[in-house]
Amino acid sequence: MKTAQQIANDVRAGESALVAVEASLAAIKARNEELNVFLYVDEDGARTAAEAVDAKVRRGEDPGLLAGVPIALKDNMCTTGIPTTCSSKILEGWKPPYNATVVDMLAAQGAISMGKTNLDEFAMGSSTENSAFGPTRNPLDPTRVPGGSSGGSAAAVAAEMTPLSLGSDTGGSIRQPAALCGLVGVKPTYGLVSRYGLIAFASSLDQIGPFASTVTDAALLLEAISGHDPMDSTSLPEPAPSLVAHVNDGVAGKRIALVRELVEGADDAVVASVNRAVEVLKDAGATIVELSIPELHLGLSAYYLIAPAEASSNLARYDGVRFGNRIDGDDVTAMMEATRTAGFGAEVKRRIMLGTYALSAGYFDAYYGQALKVRTRMIEAFAAAYQQADMIIGATTPSVAFTFGSKTNDPMAMYLNDVFTIPTNLAGEAALSVPFGTGEADLPIGVQLLGPGRSEARLFAAARVLEIADGR
Ligand code: GLN
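Just so you know, these numbers come straight off a predicted model, no measurement behind them.

## Things to note about the overall build of the protein chain
1) Next: Within the protein chain, the secondary structure is distributed over 15 helices and 11 strands.
2) Next: Relative to the globule expectation of 23 Å for 472 residues, the C-alpha radius of gyration of the protein chain, 21 Å, shows essentially globular dimensions.
3) Next: Its C-alpha atoms give the protein chain principal-axis dimensions of roughly 70 × 55 × 45 Å.
4) Next: Looking at the protein chain as a whole, 58% of its 472 residues qualify as buried.
5) Next: Counting only contacts in the protein chain whose residues sit at least 6 apart along the sequence, the fraction spanning at least 24 positions is 76%.
6) Next: For the protein chain, the centre of its 37 positive side-chain charges and the centre of its 54 negative side-chain charges are spaced 2 Å apart.

## Quick look at the site of the ligand
1) Next: In the vicinity of the ligand lie 15 residues, with Gly171, Ser173, Tyr303, Arg351 and Asp418 positioned nearest.
2) Next: Between Arg351 and the ligand, the recorded distance is 2.7 Å, taken from a side-chain N or O atom to an oxygen atom.
3) Next: Residue Asp418 places a side-chain N or O atom 2.6 Å away from a nitrogen atom belonging to the ligand.
4) Next: Computed on the free molecule, the ligand has an accessible area of 290 Å², of which 100% lies beneath the protein chains in the complex.
5) Next: Grouping the constituent residues of the shell around the ligand by class yields 5 nonpolar, 7 polar and 3 charged.

## Considerations on the packing of aromatic side chains
1) Next: One pass over the full model with this rule turns up 13 aromatic pairs.
2) Next: Seen in terms of ring centroids, Phe122 and Tyr318 are 5.1 Å apart; in terms of plane orientation they differ by 45°. Their pairing is tilted. A residue pair is termed long-range when its members are at least 10 positions apart, and Phe122 in the loop between β3 (112–117) and α5 (151–158) and Tyr318 in the loop between α9 (299–314) and α10 (332–343) qualify at 196 residues.
3) Next: With a centroid separation of 6.0 Å and 35° between ring planes, the pair formed by Tyr363 and Tyr367 is classed as tilted.

## Observations regarding the pairing of strand β5 (residues 184–187)
Put simply, side chains in a regular strand alternate between the two faces of the sheet.
1) Next: Alternating residues of β5 divide into Val184 and Val186 and Gly185 and Lys187, and every residue in both groups is buried.
2) Next: Where β5 lies against strand β6 (residues 208–212), 2 bridges are found, and the strand directions are antiparallel. Note that in β6 the partner of Val184 across the bridge is Ala212.

## Looking at the packing of helix α8 (residues 268–283) against helix α15 (residues 456–469)
1) Next: The geometry of α8 relative to α15 is characterised by a closest axis approach of 10 Å and an angle of 105° between their N-to-C directions. With respect to α15, the axis of α8 lies roughly perpendicular. For the pair α8 and α15, contact is made by Ala277, Val280 and Leu281 and by Ala462, Val465, Leu466 and Ala469, respectively.
2) Next: In terms of residue class, the contact of α8 with α15 is made up of 7 nonpolar, no polar and no charged.

Definitions and limits used
- Residues numbered from 1 in each chain as written.
- Predicted model: local features only at pLDDT ≥ 70, side-chain atom pairs only at ≥ 80, totals over all residues.
- Heavy atoms only, no water.
- Helix = DSSP H or I, 4+ residues; strand = E, 2+ residues; numbered from the N terminus.
- Rg over C-alpha atoms; globule rule 2.2 N^0.38 Å.
- Buried < 20%, exposed > 50% of the residue type's maximum accessible area, 1.4 Å probe, protein only.
- Contact = heavy atoms within 4.5 Å.
- Lys, Arg positive; Asp, Glu negative; His and termini not counted.
- Charge placed at Lys NZ, Arg CZ, Asp CG, Glu CD.
- Near = heavy atom within 4 Å.
- Polar contact = N/O pair within 3.5 Å; in protein donor to acceptor, adjacent residues only side chain to side chain.
- Areas by Shrake-Rupley, 256 points an atom, 1.4 Å probe, with all protein chains shown as cover.
- Nonpolar A, V, L, I, M, F, W, Y, C, P; charged D, E, K, R; others polar.
- Phe/Tyr/Trp six-rings, centres within 6.5 Å; stacked < 30°, edge-to-face > 60°.
- Pairing = 2+ DSSP bridges.
- Axes fitted to C-alpha atoms, helices over the stretch in contact; angles between N-to-C directions.
- Parallel < 35°, antiparallel > 145°, perpendicular 65-115°, else oblique.

None of the figures reported here should be taken as evidence of function without further support.
In C-alpha cells, the structure reads:
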C-alpha cells in the first residue's frame, strides 16, 4: 500500500483520488468480514468525496495536505447523517446532526473518510472485546486481539485497508493498539486536537490522535487535525505546530531519560527492545540518563477513579429520552432503567458504578479527591523529570498482542495493560508509540516516547531515528 504522503503527492500531480479509494474499498471487502474492522463503510460518500478532490485539482486549487488519502474514523466521532454507535447498543441507529471538528478538518484537507471503525464500548477497554458488535481481530494474527479501545482503527491500517486512521486515547487507547498492531500511534498534548464531536468518555483525559504505518504519515495527519477550535473550551489557543518539516531533525544533543517504572514488569523481549532503542538513540547523538519516577506507580489507581467518575457523569445523558434506543416502561424511571439495563454492556456498567461510588457523598474526598491529588503529584513529577531530560523512553505495553479471552474474566489483568500509557493522560502531555523489534511469535513491540506539552515534533524526530534503525 502507498503511504499517505505518496497518495497525496500523486493526487496533486494529477492521479485520480478514485484510485486510492477503490484500492481501499477492495482491501476492506477482502478482509472486513474476517476481521470485523469497520462497523460502517461509506462507499458512496467516499467516491463522491474523491470526485470533489479531483475537481479541485483540475481547477488548479490546492487539494489539501491529505489530498485523496483514505482514512478510517473510530466510531466515537460524530459524522453528519452517518451512524455513530460507540460500539454500544444504546446508540444503535443514532445519526448525529453534526460533524466532529476533526471530521470537517480532514475533509478540508482533502482526506476521504471511508467509514467508522469498531471499538470497546464507549472506549472502555484494551482489546476491543467489549464491543456490542463483536471483537475486532488483529490482522497480523487473527487469533489475537488488536488492542483497544481503538482496535478497529488500528486494524484498518494494519490490514492496509486505509493508510491512516483516527483513534481516541483516554488512558492508552491509541498507543496500546498501535503497539499491538505494529503501527505508529500518537496521544497528542491535551487541547492540541479539538474534542468537539468526540463522544465523551472522560473529558479531562480524552484526546483524538493518529494511527499510521510510518512516522511521517502520523506527523502529517496530526498536523492536519491540530489547532485551535472555538467549539472546544479546552482547546489550546496556539495554531497547529509544524511537524512534518521536523521529522528528520534527529536526536543529536537531546537528553533522553530511561524511566525504570516504564519498563518494570514488562516481558523480557519488550525490555530488550527498549534497551536496544536506547542504544540506537545514544549512537544517534542523544545523551541517556536513567531516572526513577515512583509516582508513576499511582497512575493506574488514580485513573480508575478519575476516568469512571467522569464517565458516570458523561454517560448519564443516555437515558432513552434524546439519543438512540429506548425500552419502554410503566413510567419515566422504569423506562430509563430498562433502557440503560439493556443498552449498556457489562464493562460500561462496571465503570458507571465505580464512578458513581467514587463521587458519592461520604466517599468523595477519600476517592475522587485523593485521586485528584495524585494527579497533581504526577504532573509535578513529570515536570521535575523534564528538568533533566527533553523526553522519556519506556515500553508502551507489558507484552505483545494477547489471545482472545485471555484477560476478559479478570478486569484487573485487562486494566494492567495500560500501566505505562495512563500517566501521560493524567498529566495532559504528549506521547507516542513506535514499532521497534518483535517478541513472542514474531509479533511487533512498541517503544514509547513521552514528552512535555507540545513536544510532538521532538518525539516524531526521535521515533524516526528508531524507524530507520528498524529498517523502515
Ligand atoms: N484501557 C483504558 C480503559 O479502559 C483506556 C481506554 C482509552 O484510552 N479509551 O479505560
